[in-house]
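Examination of the molecular architecture
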Amino acid sequence: MAARRFIDCLMILGLSLCSSVPLFAAPPELESLFPLSYQVGTTADIKLKGKNLNSVRLCQVAASGVSFKVIDDQSLQISVDKKTPAGIYDLRVLTDGGLSQPYPFQVTGWPVLTAKEESDQPDSALELSLPGGVDARFEHTGDIDWYAFDGTKDQRVTLRCRSKSMNGSAEPLLTLIAPDGDEIAFASDHRREPVVHVKLPNTGTYQIKVFNRDYSSDPSALYHLSVNSEPRLLAAFPALINSDQPARITIQGINLPGVSQNASQILQQKEITVDPQSLTAAHQHDNPLKNRFQLGVPELEGTVSLMTTDLPLVVDQEPENQSQKTAQLIKIPCDIAGQFLKPRDLDWYQFTAENGQELSIRAFGEQLDQQMDLELSLLDSSGKLLKSLTDKAAAKGTATPVSATSLDPEGTWKAPKSETYYLLVRDLYGSSLGGFDRQYRVRIENKQPDFQAYAYPAASDRYSGISLHQGGHTHVAIYVDRQHGFSEPVRIQAVDLPEGLSADEVIIPAHQSEARFAIFTNKNTPRNIVSLSLKAVATVQDREIVKQVQPQTDSRSNSFQQVATLAAGIAEPASFSMEIKPRQGKLALGEKVELDVQWKSTGSEISGNPVLKWHIDLVDAKGKQASLIKPVTSLDLKISENLLTAQLPPKMQPGQYSLWLSATLKVTPLQTDDKTQNKQKQVQIEAVSNIITLEIQPLSNKK
């Protein structure tokens with residue numbers, strides 16, 4: 001049902017007015033867009049920056065009431081309906097060369113200005129309305145931006161500065177200066193994105209000074225500053241609720257309806273009931289957790305993130321559990337929603353475990369957008385430390401969606417005997433930090449084999465989107481995160497592919513974590529942006545488990561971010577395509593692999609023989625990587641059908657393996673009748689084949 005709601009709100013709009021472009025353009029890479037924010041009920045222009053932005057044809061955003069018109073290859077016109085929910089959404093563009101990676105932009109309920117470089121002195125501060133906002137960038141090293149707004153005595157105001165959540169590289173800090181020149185508020189650096197709540201002392205003009213943390217600058221040093229005074233929702237606790245029943249939570253905000261005003265307090269709190277069935281999917285483009293949603297409250301501006309859990313929920317009981325003697329009782333399995341209300345806060349929990357019982361423990365703090373470094377300690381009843389879980393280390397080898405380092409600890413633990421044990425949760429930054437919104441989550445369950453599957457663009461265009469060329473094959477990279485000894489094969493399947501697309505099932509063997517999934521596009525498939533859905537199927541402890549493959553996008557810093565959908569763009573026809581078919585259904589160790597290869601070229605001239613590369617993960621009997629022996633590495637262009645052979649190593653593990661070919665070749669597009677076109681230049685391209693599954697059987701036991 002959620003997928004259907006997403007498809008219903010998917011807006012694919014904006015046709016280009018002209019399309020005279022050279023063939024074989026590379027996929028586009030969006031590096032920035034500006035402005036970052038657009039007010040509901042308005043129309044504005046967007047400036048695009050990036051690589052290969054030639055012949056922009058379509059623009060897509062997963063938001064209702066948002067439409068686009070392509071002005072030229074570097075600019076769009078966006079129209080936002082008054083009923084479009086405020087939030088951060090993903091934007092993609094499609095060119096003749098393919099699809100861009102998603103780039104975030106913001107829809108706001110307040111007017112948005114665009115800063116000018118002249119606003120870099122106090123006497124030239126840019127005037128902001130209240131409520132209001134401004135999109136800006138740090139233009140040069142040491143850049144300082146100044147803004148001003150008119151406020152009244154005792155008015156409650158919130159200042160917020162966003163950059164990281166909108167793909168910016170800036171780490172902005174801000175200072176609020178009163179009409180008399182005194183500095184009355186400074187954003188703490190314990191947040192990734194600074195927020196200041198203040199009650200104005202006098203009526204007059206206030207100034208805001210914004211600067212980058214290290215005074216640096218680069219093309220992505222963009223930020224959005226907002227100034228708001230309306231009743232506003234700021235935080236909620238617990239931010240974790242059960243998925244199957246209504247829950248009572250405490251919200252925090254400014255000018256909350258039904259709450260009496262306290263002259264000494266800026267922030268207020270009240271209890272409300274939340275029905276998880278009424279929550280809407282989160283708009284965050286960098287959501288690292290599943291089952292994360294947005295909570296909005298009538299009469300209040302803003303939303304906050306809530307998560308749902310399928311485990312019994314434990315809510316941190318502050319301040320009773322701040323010592324081992326008063327540790328809060330929990331039962332395994334459970335999901336803990338905790339918070340550090342004050343600096344130096346320590347949270348203790350006690351539980352019983354049986355001799356040899358193995359637990360899986362995972363904590364979240366940094367991944368909840370907190371400047372937080374959690375540490376988990378397991379102790380016995382005497383207070384002896386048994387195990388400490390600290391930062392997650394980076395996985396070795398090529399970057400994967402789960403290889404990045406994290407300050408959030410995770411691990412497993414085995415009880416040495418049957419008794420009561422204690423879990424201590426603390427924040428290593430907590431000696432000076434505390435507050436209602438400093439929340440964490442600890443998930444504890446019995447250790448059992450499990451897995452998660454991720455999908456992202458293949459290596460050749462991983463910094464762009466997934467591009468499907470008419471009449472060709474395109475690959476999607478798949479990564480399986482094998483957890484707690486899970487070592488079963490995983491089947492990857494497409495779910496309800498759009499018309500004109502097809503795909504074969506891919507089996508990721510027990511000894512592998514990475515594979516490719518091939519999608520074939522019909523030569524008549526119309527150019528468009530489509531949504532793909534993949535599922536992973538595996539047997540875990542004699543039960544068949546089906547999981548949705550989670551879509552990711554990759555940046556040049558090798559950091560992965562979760563996105564709302566696995567989108568693909570159908571681009572210009574493939575200049576070269578090939579298909580492979582095995583001659584044998586099953587193979588034995590040491591036999592030859594024989595492949596029938598068919599290839600075709602459309603509207604182009606190929607220079608020289610395409611150089612082939614075989615791609616297959618073979619593992620020998622000792623678990624080490626093996627390779628094919630002396631495979632044929634080129635195609636004969638004189639015929640459109642070729643027989644390729646390769647020798648299997650005699651010592652390898654039997655099983656199922658995925659095999660595919662890539663071809664590197666030089667192509668010269670054929671001349672057209674258009675005399676205005678320049679002479680077509682020779683370009684080098686890489687084409688990939690479909691993916692087949694080889695079944696390798698052990699040698700028969702002969703005397």
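Everything below is about the structure shown above.
Rules used in this analysis
Residues numbered from 1 in each chain as written. Predicted model: local features only at pLDDT ≥ 70, side-chain atom pairs only at ≥ 80, totals over all residues. Heavy atoms only, no water. 1 Å grid on protein atoms, 1.4 Å probe; cavity = no way out; pocket = protein on both sides within 12 Å on 5 of 7 lines; lining within 4 Å. Points joined across faces, edges and corners; volume = space filled by probe spheres on them. Nonpolar A, V, L, I, M, F, W, Y, C, P; charged D, E, K, R; others polar. Helix = DSSP H or I, 4+ residues; strand = E, 2+ residues; numbered from the N terminus. Buried < 20%, exposed > 50% of the residue type's maximum accessible area, 1.4 Å probe, protein only. Lys, Arg positive; Asp, Glu negative; His and termini not counted. Salt bridge = Lys/Arg side-chain N within 4 Å of Asp/Glu carboxyl O. Contact = heavy atoms within 4.5 Å. Core = buried A, V, L, I, M, F, W, Y, C linked by side-chain atoms within 4.5 Å. Phe/Tyr/Trp six-rings, centres within 6.5 Å; stacked < 30°, edge-to-face > 60°. Lys NZ or Arg CZ within 6 Å of the ring centre and 35° of its normal. Pairing = 2+ DSSP bridges. Axes fitted to C-alpha atoms, helices over the stretch in contact; angles between N-to-C directions.

1. Concerning empty space enclosed by the protein
Taken as a whole, this structure holds 1 cavity of 30 Å³ or more when the rule is applied. Reported here for the largest cavity is a volume of approximately 90 Å³. For the largest cavity, the lining is made up of 13 residues, of which R92, P102, P457, Q552 and A567 are closest to its centre. Taken together, the residues of the lining of the largest cavity sort by class into 6 nonpolar, 6 polar and 1 charged.

2. What to know about the side chain of R232
Among the structural elements, R232 can be located in strand β21 (residues 232–237). Look at R232: it is buried, it has no salt bridge, and the nearest opposite charge is E301 at 4.6 Å. Aside from chain neighbours lying at most four places away, what touches R232 is W110, Q252, G253, I254, L256, L300, E301 and G302.

3. Quick look at the nonpolar core
In terms of nonpolar packing, the biggest core is built from 32 residues, with F451, V476, I478, V490, I492, F517 and V549 touching the most fellow members. When residues no more than four places from it in sequence are discounted, the contact partners of F517 are T474, H475, V476, I478, I492, Q493, A494, A503, D504, V506, L534 and I691. Grouped together as the second largest cluster of nonpolar side chains are 31 residues, V593, L595, L635 and L661 included.

4. Overview of the pattern of salt bridges
This model, assessed by the stated rule, comprises 19 salt bridges. R491 is the salt-bridge partner of E505, the closest N and O atoms lying 3.4 Å from each other. With E505 in the loop between β42 (501–503) and β43 (506–508) and R491 in strand β41 (residues 490–494), this pair connects stretches of sequence that are 14 residues apart. Looking at E505, the relative accessible area reads 34%, which means it is partly exposed. Within this structure, D310, D335, R441, R443 and E445 form a network of salt bridges that share partners.

5. Describing the packing of aromatic side chains
Summed over all chains, the structure comprises 12 aromatic pairs. Arranged with centres 6.5 Å apart and planes meeting at 75°, the rings of F237 and F436 form a pair that is edge-to-face. Placement of the pair is F237 in strand β21 and F436 in the loop between β36 (419–427) and β37 (439–446), with a sequence separation of 199 residues. By the burial criterion, F237 is buried, and F436 matches it. Between F576 and W599, the ring centres sit 5.7 Å apart and the planes meet at 20°, which makes this aromatic pair stacked. In this pair, F576 sits in strand β51 (residues 576–582) while W599 sits in strand β53 (residues 592–601), placing the two residues 23 residues apart along the sequence. According to the relative accessible area criterion, W599 is buried, its value standing at 15%. Of note, R137 hangs over the ring of F34, and the distance from its end group to the ring centre comes to 4.6 Å. A cation over a ring is seen here: K547 above F451, with NZ or CZ 5.0 Å from the ring centre.

6. Considering unusual backbone geometry
In the segment running from F34 into P35, the intervening peptide bond is cis, with an omega of 0°. Following the sequence through the fold, P35 ends up in the loop between β2 (29–34) and β3 (37–39). If you check the backbone angles, D496 has positive phi at about 50° while not being a glycine. For D496, a relative accessible area of 72% gives the class exposed.

7. With respect to the pairing of strand β31 (residues 346–353)
On a regular strand, each side chain points to the face opposite its neighbour's, so the side chains alternate between the two faces of the sheet. Pairing of strand β29 (residues 328–329) with β31 involves 2 bridges; the strand directions are parallel. The residue bridging L329 from the neighbouring strand is Q350, located in β31. Across 8 bridges, β31 lies against β36 in antiparallel orientation. Bridge pairing links W348 to L424 in β36.

8. Focus on the sheet that holds strand β30 (residues 334–339)
Strand order in the open sheet formed by 5 strands is β28-β30-β37-β32-β35, with mixed pairing between adjacent strands. The open sheet has two edge strands, β28 (313–315) and β35 (410–414), and neither has a second partner. Across the sheet, the axes of successive neighbouring strands diverge by a mean angle of 20°, strand direction being ignored.

9. Considering the sheet that holds β2
Strand pairs in the sheet, formed through backbone hydrogen bonds, run parallel or antiparallel to each other. Pairing is antiparallel in the open sheet, where 4 strands are placed in the order β2-β4-β7-β6. Every other strand in the sheet has two partners, leaving β2 and β6 (66–72) as the edge strands with one partner each. Geometrically, the sheet is characterised by an average inter-axis angle of 30° between neighbouring strands, direction not taken into account. With 5 bridges joining them, β2 and strand β4 (residues 43–51) adopt antiparallel strand pairing. Following the sheet pairing, L30 is matched in β4 by G50.

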